[in-house]
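Analysis of the macromolecular model
Below, each chain spelled out in residue letters.
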Amino acid sequence: MPEANATNPPTGTVDMTPLDKAPAPELPNDIIAKERYTDADFMRLEWERMWSKIWLLGCMEQDIPEAGDYVATEIGHESILLVRQADGAVRAFYNVCQHRGNQLRPEGAGHAESFQCAYHHWEYHLDGTFKRIPDSETFPQGTPCTGLEEIPCDTWGSMVWFSLDPDVEPLADFLDMIPAHLDPYQFHKMARDRHVTVEWDCNWKTSVDAFNESYHVQGIHPQLLWHLDDLNIQIDCYERHNRYIIEFATLSPRVNQPPEIPMGIKHLMKEGGMDPADYYGRVKDVRADLQAHKREHAPEQGKDYSRLHDAQLTDDFHYLIFPNVTMNVHADDYWIFRQRPHASDPNKCYFDIWTFNLVPEGEEWPDPPEFKQFRHGDRSIGLVLDQDAANLPGVQKGMNSKGFRGLWIGDQELRIRHFHKVLDDYLYGPGGKPDGAL
Amino acid sequence: MDLGLKGKNAIITGSTRGIGRAIAERLASEGMNVAIGARDDEATAAAGKEIAEAHGVKVFAKPCNVKDAEAYKAWLEAAIEDLGGLDVFVPNVSGGGGMDSEKNWWRNFEIDVLHTVRGAETCLPALKESGAGAIVIIGSTNAVETFMGPMAYNAMKAALVTYSKQLSQFVAGKGVRVNTVSPGPIYFEGGAWEMIKGTMPKMYEGVLKQIPAGRMGTPEEVANVVAFLASPAASLVTGVNLVADNGFTKRVQL
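Cut-offs applied
- Residues numbered from 1 in each chain as written.
- Chains lettered and ligands numbered in written order.
- Predicted model: local features only at pLDDT ≥ 70, side-chain atom pairs only at ≥ 80, totals over all residues.
- Helix = DSSP H or I, 4+ residues; strand = E, 2+ residues; numbered from the N terminus.
- Rg over C-alpha atoms; globule rule 2.2 N^0.38 Å.
- Contact = placed C-beta atoms within 7 Å.
- Buried ≥ 20, exposed ≤ 12 C-beta atoms within 10 Å, placed from the backbone.
- Nonpolar A, V, L, I, M, F, W, Y, C, P; charged D, E, K, R; others polar.
- Domains from an automatic or database assignment.
- Pairing = 2+ DSSP bridges.
- Axes fitted to C-alpha atoms, helices over the stretch in contact; angles between N-to-C directions.
- Left-handed = near helix turned anticlockwise from the far one by under 90°.
- Core = buried A, V, L, I, M, F, W, Y, C linked by C-beta atoms within 7 Å.
- Parallel < 35°, antiparallel > 145°, perpendicular 65-115°, else oblique.
- Expected span 1.5 Å × (residues − 1).
- pLDDT = per-residue confidence, 0-100.
- Arc of directions from axis to C-beta.
- Right-handed = clockwise from strand over helix to strand, strands pointing away.

1. Examining the overall build of chain B
- Tallying secondary structure elements over chain B gives eight helices and seven strands in all.
- At 17 Å, chain B has a C-alpha radius of gyration in line with the 18 Å of a compact globule built from 254 residues.
- Along the first, second and third principal axes, the C-alpha set of chain B runs to 50 × 40 × 40 Å.
- Long-range pairs, those at least 24 residues apart, make up 73% of the contacts in chain B between residues at least 6 apart in sequence.

Structure, rendered in structure tokens:
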């Protein structure tokens, strides 16, 4: 298990990511109903009792740095405008004109001085209040309301969050232990280098599941067995969210130690400024030496690892922020995969890939990447994700088969079981799932 | 055919696993006493025990880092003394492939080339005394045909082929033969090709397609060739580079 190096403790011990193993949740071993992934009524239940009640990741703060910058993001059948205000705050509104219901902005990012509806030019200030209604005197009933329909919006971790529930709990309460775990990485120092949405032919949960267990590594990512330890993994389930910690820059116990340093581990060494040439025949020494090397050279590389444990300098700390944000977090980069349900089809979802790299002190913040959206298979999204993506439509198809009884989940897939328990608590109330319910 | 190795002594460097281990096993199976070693203490002890038990021969098994010139020389001298003379020397250790930095060049020079040269110089007096002394250097088909990239490994293996031939002329009158065995792709558990098959399956398949017989070699097959060249049965053969690659290389060797 990854743990802090006791003989060479990092510079601080407060405000660091907890490494302790969380108590194992008591969860039944029963089959998980496949209809949860395919049934339209279940999808509606998810919308009414879960998606509409929780905090949702909308965009990154770096997407909207200046007053008037906005992002229109979609969740289910709704579209939301996230708007940077003159005072630096971010506010969220339904992306809809109060006149006849026209959508104000297409999905995507932009900059506006005001939001003018294209239909009859009703116009709104950045704070959502009416700016101008053409021929307003022809509405004897007056204006319909004060302006755009505002919804709760808050920020954490350089991310902008919103909720469709006006009475939602504070974001900090929803996020629970997440900030304590992830703030030490200092996400505000990491610049986006990838912004992609892929349309996938699977339920959003089929995609979430694919990232919440390491059991599939030996199945569809055999090359990663020479990159990480897929067997000795710490799984931690919290109230809503969960994580696992995977040692990187090491070998799976499933494979023999090769003489050469595997390509993936070489890459990690080079990124950390280490020369793999010294490690021929010594791959087992790499992980610890890479941690020490990164710690030692961090100041000259303009990096601050003072709040990170040694394990965090190499390993993959993978988090699920319930229900749909999966994150691979590393000292020098992190990836957010946001899976969004389709508006009406349980067999489809949107898979958003947002990746970020640490910008060392003194280096210029790079320009944001161009946003790309395409259907699965039209373009490569990298070897590992291609392997995941290629697999998912088949999983979804099988979920719809009469010959499939349901999900048969093992210990390595504990996070999937935990995820479904949390989902049930939203759908049926804590512990209130009726017998026979999906 | 009796190779005539029984009761003779051999030193094989880098011999706890892979090709080196197979050579040690093969020579021991012929009744040779063997000196084996690698950097790892435990692996060396374990391999020594296994070889001794399997073949009932005398085994000198001590860890050895060939990069440390003095320690390496002392290790060779201790082995020769312990075995009571030397007939066969197989410098097998390699610094491996890679084009990561200039360090690869220094590594392959120091480990592949210098370890062979230093080893030969230290062992030659004992090999001359043997009357049937043989050095078998381990080359690579990467030296004779372009492979992967302009790696230090390939160029340094080529240096060994040249060194081997010229050394063979230099010591021919002293009753010592010097030959090189150049293996093609050799597959074994824990070998580089096993990893390449797992991590870069397309590259693995591509190389496999270049082998007309459709399979890579095994360490045991390389060991057979080494055993022959090391033995008095090959008394006429010196200065050759014997390619053992199942047809992987395509050049005409005249």
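Further notes follow.
2. So, the overall build of chain A
- The helix and strand tally for chain A stands at nine helices and 19 strands.
- The C-alpha atoms of chain A give 23 Å as radius of gyration, which agrees with the globular expectation for 438 residues (22 Å, within 12%).
- Viewed in the frame of its principal axes, chain A has a C-alpha envelope of about 85 × 60 × 40 Å.
- Per-residue burial for chain A yields a buried fraction of 42% across its 438 residues.

3. Description of the interface of chain B and chain A
- Taken together, the 17 residues of chain B in the interface contact 19 residues of chain A.
- For the side of chain B that touches chain A, the secondary structure elements donating two or more residues are α4 (103-130) and α6 (192-199) of chain B.
- Here the side of chain B that touches chain A takes five residues from α6(B), the largest share from any one element.
- The class makeup of the residues in the side of chain B that touches chain A is two nonpolar, 10 polar and five charged.

4. Examining the domain arrangement of chain A
Residues and elements named next belong to chain A.
- Parsing chain A into structural domains produces domain 1 (34-38 + 177-428) and domain 2 (55-163).
- Look at where the C-alpha atoms of domain 1 and domain 2 centre, and you get two points 33 Å apart.
- Each partner contributes residues to the interface: domain 1 has 13 residues there, and domain 2 has 10 residues.
- Residue assignment for the side of domain 1 that touches domain 2 shows that the elements contributing at least two residues are α3 (178-182), β12 (190-200) and β17 (333-341).
- Sort the elements by how many residues they give to the side of domain 1 that touches domain 2 and β17 lands first, with three residues.
- Considering only residue class, the side of domain 1 that touches domain 2 consists of nine nonpolar, one polar and three charged.

5. Remarks on the sheet that holds strand β4 (residues 90-94) of chain A
- Read across the open sheet, the five strands follow the order β5-β2-β3-β4-β9 (chain A); overall the sheet is antiparallel. In the strand order of this sheet, the two ends are held by β5 (108-111) and β9 (150-151) of chain A, each with one partner.

6. Re the packing of helix α3 (residues 69-83) of chain B against α4(B)
Residues and elements named next belong to chain B.
- Running from N to C, α3 and α4 point in directions that differ by 35°, and their axes come no closer than 10 Å. α3 and α4 meet at a crossing whose hand is right-handed. Two secondary-structure elements touch here, α3 through Ala69, Tyr72, Lys73, Leu76, Glu77 and Ile80 and α4 through His115, Arg118, Gly119, Thr122, Cys123 and Ala126.
- Grouping the amino acids of the contact of α3 with α4 by side-chain chemistry returns six nonpolar, three polar and three charged.

7. Things to note about the nonpolar core
- Residues Leu81(A), Leu82(A) and Trp161(A) are the most contacted members of the largest nonpolar core, which totals 103 residues.
- Taken domain by domain, this core gets at least three of its residues from each of domain 1 (34-38 + 177-428) and domain 2 (55-163) of chain A.
- Apart from the residues lying within four places of it in its own chain, the contact partners of Leu81(A) are Tyr70(A), Ala72(A), Ala92(A), Phe93(A), Asn95(A), Leu104(A) and Arg105(A).
- Membership of the second largest hydrophobic core comes to 64 residues, among which are Ala24(B), Ala79(B), Val136(B) and Ala227(B).

8. A closer look at the sheet that holds strand β11 (residues 159-163) of chain A
Residues and elements named next belong to chain A.
- With respect to topology, three strands assemble into an open sheet ordered β1-β11-β10, the strand pairing being antiparallel. Each edge of the sheet is formed by a strand with only one pairing partner; in this case those strands are β1 (55-60) and β10 (153-156). On average, each strand axis in the sheet is inclined to that of its neighbour by 35°, with strand direction left out of account.
- Relative to β11, β1 runs antiparallel, the two sharing five bridges. Residue leucine 57 lies in a different strand from β11, and its bridge partner there is tryptophan 161.

9. Here's the deal with unusual backbone geometry
Residue and element names in this part refer to chain A.
- The amide bond that connects phenylalanine 322 to the next residue, proline 323, takes the cis arrangement and shows omega of 0°.
- Locating proline 323 in the fold gives a position in the loop between β15 (316-321) and β16 (325-329).
- If you check the backbone angles, alanine 249 has positive phi at about 60° while not being a glycine.
- Examined against the element boundaries, alanine 249 turns out to sit in the loop between β14 (242-246) and α6 (263-271).

10. Focus: the packing of helix α1 (residues 18-29) of chain B against helix α2 (residues 41-55) of chain B
Residues and elements named next belong to chain B.
- Two elements in contact, α1 and α2, have axes separated by 9 Å at closest approach and are oriented at 30°. As the angle between them shows, α1 and α2 are arranged roughly parallel. Remark: the crossing between α1 and α2 carries right-handed chirality. Along the contact surface, α1 presents Arg21, Ala24, Glu25, Ala28 and Ser29, while α2 presents Ala47, Ile51 and His55.
- Looking at the contact of α1 with α2 residue by residue, the classes come out as four nonpolar, two polar and two charged.

11. Focus on helix α7 (residues 286-297) of chain A
- If you check α7(A), its first and last C-alpha atoms are 16 Å apart, about what 12 residues at 1.5 Å a residue would give, namely 16 Å.
- Buried residues along α7(A) sit in contact with α6 of chain A.

12. Section: the environment of Cys349(A)
All names here are of chain A.
- Residue position: cysteine 349 is located in strand β18 (residues 349-358).
- Remark: the alpha-carbon pair of cysteine 349 and lysine 205, spanning 144 residues in sequence, is separated by 8.9 Å.
- With residues near it in sequence (within four places) discarded, cysteine 349 still touches Trp200, Cys202, Asn203, Trp204, Ser207, Gln339, Arg340, Pro341 and His342.

13. Some points on the environment of Ala118(A)
Residue and element names in this part refer to chain A.
- Mapped onto the elements, alanine 118 comes out in the loop between β6 (115-116) and β7 (123-124).
- Using a count of 11 C-beta atoms within 10 Å as the deciding quantity, one classes alanine 118 as exposed.
- Distance from alanine 118 to asparagine 102, taken between C-alpha atoms, is 8.1 Å for residues 16 residues apart in sequence.

14. Digging into the confidence of the model for chain A
- Taken as a whole, chain A shows an average pLDDT of 95; of its residues, 97% reach a score of 70 or greater.
- Across residues 1-12 of chain A the pLDDT falls below 50, and counting only partners more than four positions away or on other chains, this stretch makes 23 contacts in the model.

15. Quick look at helix α1 (residues 40-51) of chain A
All names here are of chain A.
- Taken together, the buried positions of α1 are Met43, Glu46 and Trp51. Buried positions in α1, seen along its axis, are confined to an arc of 50° and lie on one side of it. Projecting away from the buried face of α1 at angles above 90 degrees are the exposed residues Asp41 and Glu48.
- Among the structural elements, β2 (69-75), β17 and α9 (414-428) are those in contact with the buried residues of α1.

16. Brief notes about the confidence of the model for chain B
- When the pLDDT values of chain B are averaged, the result is 97; 100% of them are 70 or greater.
- Of the two predicted TM-score estimates for the complex, the pTM is 0.91 and the ipTM is 0.87.

17. Regarding the pairing of strand β6 (residues 176-183) of chain B
All names here are of chain B.
- Burial analysis of β6 places eight of its eight residues in the buried class, which makes it a mostly covered element.
- The alternating pattern of β6 places Val176, Val178, Thr180 and Ser182 on one face and Arg177, Asn179, Val181 and Pro183 on the opposite face, and all of these are buried.
- Of the pairings in the sheet, the one linking strand β5 (residues 133-138) to β6 comprises six bridges and is parallel in character. Its bridge partner lying in β6, isoleucine 137 is registered against threonine 180.
- Read as a crossover between parallel neighbours, the route from β5 over helix α5 (residues 152-171) to β6 is right-handed.
- The pairing of β6 with strand β7 (residues 241-244) spans four bridges and is classified as parallel. Following the sheet pairing, threonine 180 is matched in β7 by asparagine 241.

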